[in-house]
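# Report on the structure
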Amino acid sequence: MSVLQSNLLSAAFKRLDLKKRLVVLDMGHASSSTVSFFNHFRCRLSFVDMHNESFITCPNLDLSHEELVAQMTELLNLDANIKIDICLFWDLFNYLNDAMIKALIEALEPHINHSTSGYVIGTRDSRNQLPFYQYGIVDKNNLTETDGSGIQGTIYPRSQRDLNKLIDYFEIDRGQLLSEGRAEYLLFENRDSDKSDRSII
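Report follows, based on the coordinates. Predicted model, so just to flag it, every value in this text is computed and none were measured. (Residues numbered from 1 in each chain as written. Predicted model: local features only at pLDDT ≥ 70, side-chain atom pairs only at ≥ 80, totals over all residues. Heavy atoms only, no water.)

## Concerning the packing of aromatic side chains
What counts, and what does not: Stacked, edge-to-face and tilted labels apply to pairs of Phe, Tyr and Trp rings (six-membered ring for Trp) whose centres lie within 6.5 Å, assigned for plane angles under 30 degrees, over 60, and everything in between, in that order. What counts as a helix is a DSSP run of H or I of at least four residues, what counts as a strand is a run of E of at least two, and both are numbered from the N terminus. The buried label goes to any residue with under 20% of its type's maximum accessible area, the exposed label to any with over 50%, and the partly exposed label to all in between, with areas taken from a 1.4 Å probe on protein chains only.
In total, this model carries 12 aromatic pairs according to the counting rule given. Pairing Phe-89 with Phe-170 gives two aromatic rings, centres 6.0 Å apart and planes at 90°, and the pair type is edge-to-face. Of this pair, Phe-89 sits in strand β4 (residues 84-90) while Phe-170 sits in strand β8 (residues 170-177); the two residues are 81 residues apart in sequence, bridging distant segments of the chain. Here Phe-89 matches Phe-170 in class, with each residue buried. Here Tyr-133 and Tyr-135 contribute two aromatic rings whose centre-to-centre distance is 6.3 Å and whose plane-to-plane angle is 80°, an arrangement assigned as edge-to-face. Among the residues examined, Tyr-133 registers a relative accessible area of 16% and is labelled buried.

The following block contains the structure:
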């Protein structure tokens, strides 16, 4: 395990009322460091690791958008009235094709409000591949990265611009370069975005 500095994660907390109970969705491996970090908050922390789900590792290209949304909704298994404060997508989008990202974003939509933030680790551009890691949080400025287990899934590398077009009501607010061909992105809910091609990094 090694430590990876984050310049953006702390910004996700600045928008929140830390006096209230937070709802955090972690879409990666259930990391003990992440659990320890959020133990310092009044928090509901849920882990939904999709990386090894069969419909993602062996996608059925004949499924309709509605069927994909239904699968994502079932896997998320979120209470109807839950609103997410922070969604830790980690590197998940890199393992989803375009149709799956659109379906996941639609399945999450009822649980997103104006204060929701997202955190993403992606490739710097569509030519880069991705190291095989699992991530966690040490503190607001530092992450853990641990070698992934099993076989790394198919990677769908995208530019920042291409990802931004897929995430609908989310918008990439800012980005920073990371080591090994990666970038980190901070997402904010913005249903009024025109998805312009402005450069973040």
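## Concerning the state of the cysteines
Note the following rule: Here, a disulfide means two cysteine sulfur atoms that sit within 2.5 Å of each other.
On inspection of all chains with the given rule, the structure shows 0 disulfides. Considering cysteine sulfurs only, Cys-87 is the nearest to Cys-43, which forms no disulfide, with 13 Å between them.

## Digging into the pattern of salt bridges
When the charged atoms of two side chains with opposite charge come close together, those side chains can pair. The criterion, for reference: Should a side-chain nitrogen of Lys or Arg be within 4 Å of a carboxyl oxygen of Asp or Glu, the pair is scored as a salt bridge.
What the rule picks out here adds up to 7 salt bridges. The salt bridge involving Asp-173 is made with Arg-174; its shortest N-O contact spans 2.7 Å. The partly exposed category is assigned to Asp-173, whose relative accessible area is 29%. Three or more residues are tied together by salt bridges with common partners; here these are Glu-145, Glu-180 and Arg-182.

## What to know about the side chain of Ser-6
Rules: Pairs of N or O atoms are called polar contacts if they sit within 3.5 Å, as long as, within protein, a hydrogen donor faces a hydrogen acceptor (for residues adjacent in sequence, only side-chain-to-side-chain pairs). Any two residues whose heavy atoms approach within 4.5 Å are treated as being in contact.
As for its position among the elements, Ser-6 is in the loop between β1 (2-5) and α1 (9-14). A polar atom in the side chain of Ser-6 sits 3.3 Å from the backbone nitrogen of Leu-8. Excluding anything up to four places from it in sequence, Ser-6 contacts Tyr-119, Lys-140, Asn-141, Asn-142, Leu-143 and Glu-184.

## Observations regarding the sheet that holds β1
Our working rule: Paired strands, as defined in this entry, are two strands with at least two bridges between them according to DSSP. Between N-to-C directions, angles cover 0 to 180 degrees, with each direction set by a line fitted to C-alpha atoms, over the stretch in contact for helices.
One open sheet accounts for 3 strands, arranged β1-β7-β6; its pairing is antiparallel. Because the sheet does not close on itself, it has two edges, and the strands there are β1 and β6 (133-139). On average, each strand axis in the sheet is inclined to that of its neighbour by 35°, with strand direction left out of account. As paired elements, β1 and strand β7 (residues 142-147) share 4 bridges and run antiparallel to each other. Bridging from a neighbouring strand, Gln-5 pairs with Asn-142 of β7.

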